[in-house]
Structure formats: C-alpha cells, structure tokens
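Coordinates in review
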Amino acid sequence: MEYRHLGDCCVLVTMGETIDEGISQRVAQLAAALRSRWLHGVLDIVPAFSALAVHFDPNGVGGADPMQRVTEWIQATSMAEISWVAESGRTFTIPVCYDEECAPDLIEVALRLTMRPEDLVTRHSSITYRVGAMGFSPGFAYLLGLPADLQVPRRATPRTRVPPGSVGIGGLFTGIYPSDTPGGWHLIGRTACVMFDPAREDPCLLRTGDLVRFLPTATLKETERLP
Amino acid sequence: MIEVIRPGILTTVQDLGRPGWRSSGVPVGGALDAMALRIANAIVGNDDAAAGLECTVRGPVLRFLAPAHVALAGAPVEGVEMLRELNLPAGAELSLENIQRAGRVYLAVAGGIDVPMVLGSRSTHLAGGFGGFEGRALRTGDQLAVGRSGRVAEPRAKWSVSASMVPDVLSDLQVLRVLAGPQYEWFGEAAQQGLWNEEFVVMPMSDRMGLRLSGEPVRCAMQREMISTPVALGSLQVPPDGQPIILLADCQTLGGYPQIATIISADIPSLARLRPRQRIRFEQVSLVEAQYHRRVIDTAFAALRAGLAEKMSHHGDP
C-alpha cells in the first residue's frame, strides 16, 4: 500500500495499478474497516478501483500533523482489523428492457462485435458484475466483469443527455446512468429502477463491492419493480 | 421572505457543502469562496453552516418582504457597503447587479436561507438538480424563506470587518501554492519545470466544477493507462491536451486524468476570486508549509469570530 497526500486535507492510498475485481474488493474492505472505527475529523472515505481517499478537516483531526495522524489510523486499521478474506457484497437483480426503443445503440454495437443483438443481450444478462467504484455522478456504479467479447471503446462523440436508467457499456465497464447526465457509453437497455434518490434514507441503490445481475424484461414498465 | 426581482446570471443557495457523500459519487459542493460566506455569516451572527447566496458575475435584485439583517463579502458591489451589517426594513430592495470585476459575492442573512436539507446540506447541486432552492439557480419570482434569528442590531453598525480577510484584488500575476500531486512523477523533468516556471491564464468558460487554464502545454512524459482515482478540491488535473484544470467544489469525486499538483487548502478561496484572463503561476510548498498557512487562516477566522462575539455582548451598553 502506497500513501500519498492529495493536498493538505486528503490521504490517497494506492493498493494496485490495474483494474481488477480482487484489488477493488480489497479497497472496499479497507473502506468498510475504516468506517467501522471512524476517526474524528474524517469527512469522507472514498473507495475507487485501486485507490482509496480519506478526506479530512485538519482542525477536526487535530494535532501538529493531522496528515500523519490520519495516515497512522489507516495503517493501523489495515494491519489490525481486516481479515482480507473475500466476502460477497449484497446481490441485486436489476430488470432491464433491452427493447429497441430503450436501446438506441444495441444494433450498432452488435454489428461491431459481430454478434446478433439477441446474443449480446443474453450474454450481457448472463454475468454477475461487481461494483468496482462509485463516481462520475451521484449513484453511478462502475460495474466490473464485462467479458472481453462485449468490450467496445466509448462513443467517439458523447451524448449531451442520456435518459435516466439507461444501461450502457464502454471499455471495461457496464453500468446504469442514474440521472440525465452527459454520457459516452453505448446504450443497450434501460431500467425504471431508481439508482439514486437524495430523499431516500439510503440514496444509492448500489455501493462498492455489491454484486449485480441484469434480468431482461419485455417492456420498460416491467422493470419498475425490483424482483 | 426574500423575493427575487431579477435573478442575475448564476445565483445559487450555498452553504459549506455536503461532505460525507463522496463515496456515493456526490460532489462535496458548497460555496466556492467558503471564507467569504463564513465571514458574511459571522457578521450577522449566524453559524458557519448557515446557507447564503452565491452571486456570480452579475448578481440579483432582491426584495426583503420582512425586516432583515444582511452582510456581503467577496467582490465589491457598486452602491452597496461590504463586510458590515446592513439592516433592511420590510420592502427594501437590494441590487447586487454591479459586481465589480465580474467576480463572486456572498450574501448572508441573519437566520440563514431556509431551504430543506438534502444529504446534510442546503447547497445547490446544479448538475444533480437537488439541494438549494429546488435544485437550481434562482429565477425571477422565487421566494426564499429566512430562518429564525434572535438578531437585534443597531440601526447602523459602527464596525466592519477588515477587507484583508477576503482580499478581492489579487495581483496581476497571482501565485497559487501547491503540493506535488499523486502523479507528479509521471510528467518528467521538462513538464515539471514548465509547471513551476511558466505562467497560465484563467479561461473564461470555467464553472463551479473546474477552472480551466491555458498556457504552454504540460505534457505527461509517461504514456500509461490512468485508472479513475479519487480527486480532491484543488486537484490540478492534466488532460491529454496539456491544458490543466483546477477542480472546484462541484467536481466529480473520481478523475481519469493524471494529477500533477494540488492547491493547498489555504489558497482554495482564492480560486473563487480569480478573474477570467487573469495570469497565474504555481509555487511548490512543503506539507509543513501548507499546514502552517491553513492554521494561520483558521486562527484569523477564529479571532474574527471571537471579536464579533465580544462586540455583540457589549451591544446596548451605555
């Protein structure tokens, strides 16, 4: 584990140099352990694919060198509290309509991948993905596990607005756009599941480490309920 | 109630942001010049966490439907006294349209702007469409509720806060102090020297997410795949075109570009005060120096708070 400072109010812990399910799971485990023994003055614990950031308020942490105090807390936690045994996150099955009107890029992507659109759908919905990181926009989960034969580069020109609930693939990832943000991934389906709602007690449906499967439905209407 | 007669270009409700939600992909947000908002709040006797208005380039015209105690901090506004308590009678109109040098100014009102808390903050998150007033910038006809305040003030405050607390006029060549960033080594000697020696110009199309700079391109020597990694307020990201972007309060929580440096926290409020076309230069400092400068600012603000509390406690003395 490599410790660097990100300004004078954040420690960045790097735990690997590749995007890998095992590494992101270790990052998620460290984040969970840090949360269970939260240090006063820490504001945010942000796990990503291969690195974890701890943002803090130097006044809240206190001491002559708050950066050192936070770093020592992370070091002590990583040595003492984590079994590092792979444990599964929660599992979600998200209904997705892959119908043409919900999937503006499905046919084009299928052509590029030289497979039939229905095979692409079958393949995409046959895999259990893992949330490698949350980011990009509130509630956006980068899902790892997209097989090599479904990987395509991002669109040359990103869309300025992607409809909420759109299911996309781009590079190594698949994922669901929670809100109508710009987006560069290819849209191959859509769900009515609400991925982010600031009014909910737990605003995000998913969190880092969770497992996700997609369940094809005939209509968008049928995706309104989590099975 | 405060009624919006004219909204200005970008007027939003902001407080000190919503830390605690970055792991859900929610930006920390909040006032870009948090020091200016904290000072305005202190003048009218509010907590640090009270929400005020962030007014950008051209501010709003407001009508106060009930008597109000307000204060302004940030870029000077023509025809309005800054950094002191203004006691407005019911029906008073306040124009913040002529913000000098197209800067940002913060308005605090005793009791705070009362909008619902969303994820622990009243800040407007524009891209996400939540927080603040209906998740958006203010429009004509909006009516903002004001929180309760036990404020009793003199008809005309005899004191004001020193402008040195919120230096508006930055030098023509503003120096921003930075720490080396997590990917500093990726850039190689030439780009690193360029960063310390070259000047950059602030681009006009900057927003609440990032401050775009223009200058001699900073080229990353090491062409390696960048894994999206956490970023911080003040991260200096370098996209492939070599034109750096300084991340501001509404930036995303992860970034896909190498981070060559990070602005020290003591200099973050200055970012909100930079004008388009202003020239800047970076100066590397050590972590110890960065922590020292932060402590100086925090101490100065604590002294200001204590001084104001003292003034209030003597209010009404013969």
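Residues numbered from 1 in each chain as written. Chains lettered and ligands numbered in written order. Predicted model: local features only at pLDDT ≥ 70, side-chain atom pairs only at ≥ 80, totals over all residues.

1. Section: the overall build of chain B
Scanning chain B from N- to C-terminus turns up four helices and 18 strands. C-alpha extents for chain B along the principal axes are approximately 65 × 40 × 35 Å. In chain B, which comprises 318 residues, the proportion classed as buried is 49%. Look at the contacts in chain B between residues 6 or more apart in sequence, and 76% of them connect residues 24 or more apart. (Helix = DSSP H or I, 4+ residues; strand = E, 2+ residues; numbered from the N terminus. Buried ≥ 20, exposed ≤ 12 C-beta atoms within 10 Å, placed from the backbone. Contact = placed C-beta atoms within 7 Å.)

2. Quick notes on the environment of Gln75(A)
The topology assignment puts Gln75(A) in helix H3 (residues 66–80). Separated by 72 residues in sequence, Gln75(A) and Tyr3(A) have C-alpha atoms that sit 9.4 Å apart.

3. What to know about the domain arrangement of chain A
All names here are of chain A. According to the domain assignment, chain A contains domain 1 (2–80) and domain 2 (91–224). Domain 1 and domain 2 are separated by 29 Å when their C-alpha centres are compared. Counting from both sides, the interface comprises nine residues of domain 1 and, opposite them, nine residues of domain 2. Ranked by the residues each element gives to the side of domain 1 that touches domain 2, the list is headed by helix H1 (residues 21–36), at five residues. Looking at the side of domain 1 that touches domain 2, its residues break down into six nonpolar, two polar and one charged. (Domains from an automatic or database assignment. Nonpolar A, V, L, I, M, F, W, Y, C, P; charged D, E, K, R; others polar.)

4. Description of the pairing of strand E1 (residues 2–5) of chain A
Residue and element names in this part refer to chain A. Sheet topology note: the E1/strand E2 (residues 10–14) ladder contains four bridges and is antiparallel. Considered in E2, the bridge of His 5 is made with Val 11. Counted between consecutive antiparallel strands, the loop separating E1 from E2 contains four residues, among which Gly 7 sits at a positive phi close to 75°. (Pairing = 2+ DSSP bridges.)

5. Side note on the interface of chain B and chain A
Facing 33 residues of chain B, the contacting portion of chain A comprises 37 residues. Among the elements of the structure, strand E13 (229–230), strand E17 (259–263) and helix H4 (287–313) of chain B are those that each provide at least two residues to the side of chain B that touches chain A. Per-element accounting of the side of chain B that touches chain A gives the leading share, five residues, to H4(B). For the side of chain B that touches chain A, the per-class residue count stands at 16 nonpolar, 14 polar and three charged.

6. Notes on the packing of helix H1 (residues 34–43) of chain B against H4(B)
All names here are of chain B. The contact between H1 and H4 brings their axes to 10 Å, and the two run at 15°. When the axes of H1 and H4 are compared, the pair comes out roughly parallel. Of the two possible hands of crossing, H1 and H4 adopt the one that is right-handed. Residues Arg 38, Ile 39, Ala 42 and Ile 43 of H1 touch H4, and the partners they reach there are Phe 301, Leu 304, Arg 305 and Leu 308. Here the contact of H1 with H4 is built from residues that sort into six nonpolar, no polar and two charged. (Axes fitted to C-alpha atoms, helices over the stretch in contact; angles between N-to-C directions. Parallel < 35°, antiparallel > 145°, perpendicular 65-115°, else oblique. Left-handed = near helix turned anticlockwise from the far one by under 90°.)

7. Some words on H4(B)
With 27 residues, H4(B) ought to run about 39 Å at 1.5 Å a step, and its terminal C-alpha atoms sit 39 Å apart, in line with that. Elements in contact with the buried residues of H4(B): helix H2 (58–61) of chain A together with strand E10 (173–180) of chain B. (Expected span 1.5 Å × (residues − 1).)

8. Regarding the nonpolar core
Residue and element names in this part refer to chain B. Core analysis: the largest hydrophobic core is formed by 153 residues, its most contacted members being Ala 40, Ala 73, Tyr 106, Leu 107 and Ala 108. Counting residues per element, this core draws most heavily on H1, at eight residues. Setting aside residues no more than four positions away along its own chain, Ala 73 makes contact with Ala 36, Ile 39, Ala 40, Met 82, Leu 83, Tyr 106 and Val 166. Core analysis: the next-biggest nonpolar cluster, separate from the first, contains five residues, Trp 21, Val 26, Leu 119 and Phe 130 among them. (Core = buried A, V, L, I, M, F, W, Y, C linked by C-beta atoms within 7 Å.)

9. A word on the domain arrangement of chain B
Residues and elements named next belong to chain B. According to the domain assignment, chain B contains domain 1 (2–167 + 301–313) and domain 2 (173–285). Between the C-alpha centres of domain 1 and domain 2 the distance comes to 29 Å. In terms of residue count, the dominant contributor to the side of domain 1 that touches domain 2 is H1 (three residues). The residue inventory of the side of domain 1 that touches domain 2, partitioned by class, reads nine nonpolar, six polar and four charged.

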